[in-house]
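# Understanding the architecture of this molecule
Here are the chains, one letter per residue:
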Amino acid sequence: MINKIPEYMNMKIDKLNFDFNRKDEFEYWLKKFGVRKDEVCIIGSVPLHIVNIRENEDIDFITTKEVNEKILSKISEFPECKVSKQNKIYLGEEIHSHTINVDRFDYFGISNKELINNEKYYMIVDGFKVFRLEILLSKKLREARPKDIIDVKSIEKSGLIGGPGWDWDLVYSLPYWTKKRQNIKTQIKQRLHTYGLLKTANLYIWSILNKLHMDKLIEKSLLLKNRISYVKKIWQSKNDYKYHRTLLPIPVILSKYFSSTAFLGWDIILRTLLLSEKDKCMFSNENNVLENNKKVIVDRFGRLIEGKNTLAKYINNNEFWIDIHYLSKKTNNHNENNNHNENNFTGEQIKLLNDNFLKIIEKSGMIFYAILWPSAHNVMDDLEEYVRSNVEIIEMQEYDISHNLEKNIYDFYSSDDRAKKWMIDKKIHGILNSKSPHTHIRVLKIWLLNPKMRYYSDAEGFAYSKITRDLKTKCRKKFYNKIENYFYDNLIHFTESYYNNYETAKILNRLEKNNQCVNTNTYISIDSSKSIYSLLLNVKSSSTI
């Protein structure tokens, strides 16, 4: 029997399994009803069986209206066959059609007739038409039931996605908000069946906590979960102080210096500037502030207690992680409060501090970004205006990324700790095939005084900003139907984590050095001169800095 299999299956799988369950039984029933194999198409989990991911338990199939009528005209002759309450044809217990005369993949724009008659949608296994793995993946992503999520992960692990002959145009993804939601009873039943009681309860508890904005409780739960062994040591210790050495993102520490009215860490900006040779002449009388080199000590909330000089050195070296010591004992000595007397900084020195403030916090990972892709060229102005109406935009820059286009796009996504390579590949494919003549991206630099950092319910990956995540969803809902071939975010990309910000800043810096920045428009200059005198007073007189 002739088999016609995609190249990626033949190359990746040592031995394909064409003997899927109930194949002979299905063939038997088709003959009974006078239906040829090429008049139906098998959907469901059979492709997973063929590539040895998991066995199929049943057979789902689709037919045309004409074939349905042929089967229905004879179905009363066979007691084993029936039409269910859901209007599905059952040929025995485990072989059934989709709802009669309803296009199974209508939401992808594919009719049953087209799926059966167009060879780009199916492979041939022992004469049976079986829909391709690309469409199965799309179906699993669309339905996203617990068992579907497990199957998607298995397909990802197989290495088949993106292989030779893989057709990205058959990987569809509709916005989740267009999907009809299941009722809560069905959701719970499916999750209990797939995950069991404990994990299902955990998922719903986390969901409720997030909706109620009980972030402090979530944060404490994570601290307890991640540091349980450390807590046990603290309870057994007789010392007044106990340190726990670990790594902490620098933006977490810097974020504690922002209040609702001012930035309280100007002395850290000064220390960072002093480490730069070109700026030492501006603060020649302040060089002694770098003499001490203390350990970086923070409390359990990430607030700095000691080690500003070391922190400045890490920032100057463009590091993201800093080696810190965790102080368990409660203390009021946060942020190394300084008792400075008034110091006569010149206007030029103040300007230098102000000019470098944004540069330093940006390279540290505290500025968030929105990146408008070339495929959104016809709505870029409207999209930018919509973002501006929701958050504070500091600056807009446009870059020509025509040189190494695919690599540049991939680099922007690769720092997202939850982005999967195949999804990035699909996004790149969507952007490149958007029929846009443009190769420019527009980057919006976003200032968030309070980014509302949250943790994923599984406590994996970096904390993310609820502000940028929610805004990303709002932008997609408003504009996704205004561009061609929308898939995930080939419209707009937002950074969500500090690490994402940090890596994106490095990419933009590289593009600027390569003279790929073609337009800049600065919207906001954060005037911090009023707070400089109150926070950078008589720096040279302090021995505790």
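Provided above is the structure to which this section pertains.
Quick summary incoming for the structure in this document. (Residues numbered from 1 in each chain as written. Predicted model: local features only at pLDDT ≥ 70, side-chain atom pairs only at ≥ 80, totals over all residues. Heavy atoms only, no water.)

What the protein contains, in helices and strands, is 22 helices and 18 strands. Counting every position in the protein, which comprises 545 residues, the buried fraction comes to 49%. Expressed as a percentage of contacts within the protein between residues at least 6 apart in sequence, the contacts between residues at least 24 apart total 75%. With the model as given, the accessible surface of the protein reaches about 27,800 Å², and the carbon-plus-sulfur share is 47%. (Helix = DSSP H or I, 4+ residues; strand = E, 2+ residues; numbered from the N terminus. Buried < 20%, exposed > 50% of the residue type's maximum accessible area, 1.4 Å probe, protein only. Contact = heavy atoms within 4.5 Å. Areas by Shrake-Rupley, 256 points an atom, 1.4 Å probe, with all protein chains shown as cover.)

In this structure, Gln-397 sits in strand S13 (residues 392–400). Contact partners of Gln-397, with chain neighbours within four places excluded, come to Ile-441, Arg-442, Val-443, Lys-445, Glu-512, Cys-517, Asn-519 and Thr-520.

What follows is about the nonpolar core. Judged by nonpolar contacts, the single largest core of 58 residues is most densely connected at Phe-26, Phe-33, Leu-91, Leu-115 and Leu-133. Sequence-distant contacts of Leu-91, defined by excluding residues within four places in its chain, comprise Glu-25, Phe-26, Trp-29, Phe-33, Phe-61 and Cys-81. By size, the runner-up hydrophobic cluster in this structure holds 49 residues, among which are Tyr-257, Leu-273, Val-296 and Phe-412. (Core = buried A, V, L, I, M, F, W, Y, C linked by side-chain atoms within 4.5 Å.)

The geometry of a pair of packed helices is captured by two quantities: the angle between their axes and the separation between those axes. As a packed pair, helix H13 (residues 266–274) and helix H15 (residues 308–316) sit with axes 8 Å apart at the nearest point and diverge in direction by 60 degrees. Relative to H15, the element H13 is oriented oblique. For the pair H13 and H15, the crossing hand works out as right-handed. Contact with H13, carried on its side by Asp-267, Ile-268, Arg-271 and Thr-272, involves Lys-308, Asn-309, Leu-311, Ala-312, Ile-315 and Asn-316 of H15 and no other residues of that element. (Axes fitted to C-alpha atoms, helices over the stretch in contact; angles between N-to-C directions. Parallel < 35°, antiparallel > 145°, perpendicular 65-115°, else oblique. Left-handed = near helix turned anticlockwise from the far one by under 90°.)

Here we come to helix H4 (residues 65–74). Taken as a whole, H4 has its buried residues at Val-67, Asn-68 and Ile-71. Seen along its axis, H4 keeps its buried residues to an arc of 105 degrees; they face one direction. Away from the buried face of H4 by more than 90 degrees, exposed residues Lys-65, Glu-66 and Ser-73 are located. Of the surrounding elements, those touching the buried residues of H4 are strand S2 (59–63) and strand S4 (89–91). (Arc of directions from axis to C-beta.)

The next thing to look at is the pattern of salt bridges. Under the criterion given, the structure shown has 32 salt bridges. One salt bridge in this structure joins Glu-25 and Arg-22, with 3.4 Å as the shortest N-O distance. The exposure class of Arg-22 is partly exposed, given its relative accessible area of 34%. A salt bridge links Lys-445 to Glu-362; its shortest N-O distance comes to 3.1 Å. Remark: Glu-362 occurs in helix H16 (residues 347–364) and Lys-445 occurs in strand S14 (residues 440–447); sequence separation between them is 83 residues. Like Lys-445, the residue Glu-362 is buried in the burial classification. (Salt bridge = Lys/Arg side-chain N within 4 Å of Asp/Glu carboxyl O.)

This next bit is on the side chain of Glu-496. Its place among the elements puts Glu-496 in the loop between strand S17 (492–494) and helix H21 (498–513). The class of Glu-496 is buried, set by a relative accessible area of 7%. A distance of 2.5 Å separates polar atoms of two side chains, one belonging to Glu-496 and the other to Lys-472. (Polar contact = N/O pair within 3.5 Å; in protein donor to acceptor, adjacent residues only side chain to side chain.)

Okay, the environment of Asp-169 next. Within the fold, Asp-169 resides in the loop between helix H7 (146–158) and helix H8 (184–195). For the pair formed by Asp-169 and Glu-134, sequence separation is 35 residues and the distance between their alpha carbons is 8.8 Å. Once residues lying within four places of it in the same chain are set aside, the contact partners of Asp-169 are Lys-426 and His-429. Here the side chain of Asp-169 touches His-429 through a polar contact of 2.9 Å, side chain to side chain.

Okay, helix H18 (residues 405–414) next. Every buried residue of H18 is accounted for by Leu-405, Asn-408, Ile-409, Asp-411, Phe-412 and Tyr-413. In this structure, the buried side of H18 is in contact with strand S12 (368–372), helix H19 (421–432), S14, S17 and H21.

Attention shifts here to unusual backbone geometry. The backbone phi angle of Asn-87 is positive, close to 65 degrees, even though this residue is not glycine. Among the structural elements, Asn-87 can be located in the loop between strand S3 (81–83) and S4. Although it is not a glycine, Asn-404 adopts a positive phi angle of roughly 55 degrees. For Asn-404, the position within the fold is in the loop between S13 and H18.

What follows deals with the sheet that holds S17. Taken together, the five strands give an open sheet; going across it, the order is S17-S12-S14-S13-S18, and neighbouring strands pair in antiparallel fashion. Bordering the open sheet on either side are S17 and strand S18 (517–522), each of which pairs with just one other strand. Looking at each pair of strands side by side, their axes are set apart by 15 degrees on average, direction ignored. Both S12 and S17 contribute to a ladder of three bridges, which runs antiparallel. Among the inter-strand pairings, Leu-372 is bridged to a residue of S17, identified as Ile-492. (Pairing = 2+ DSSP bridges.)

This next bit is on the pairing of strand S11 (residues 321–327). On a regular strand, each side chain points to the face opposite its neighbour's, so the side chains alternate between the two faces of the sheet. The element S11 is extensively covered by neighbouring structure, given that five of its seven residues are classed as buried. Pairing analysis gives two bridges linking strand S9 (residues 297–298) to S11, with the strands arranged parallel. Pairing of Val-298 across the sheet is with Tyr-326, part of S11.

Counted by the stated rule, this structure contains 26 aromatic pairs. A ring pair is formed by Trp-373 and Phe-412, whose centres lie 5.9 Å apart and whose planes are at 70 degrees; its orientation type is edge-to-face. Here Phe-412 lies in helix H18 and Trp-373 lies in the loop between S12 and helix H17 (380–388), a separation of 39 residues in the sequence. Phe-412 shares its class with Trp-373; the two are buried. (Phe/Tyr/Trp six-rings, centres within 6.5 Å; stacked < 30°, edge-to-face > 60°.)

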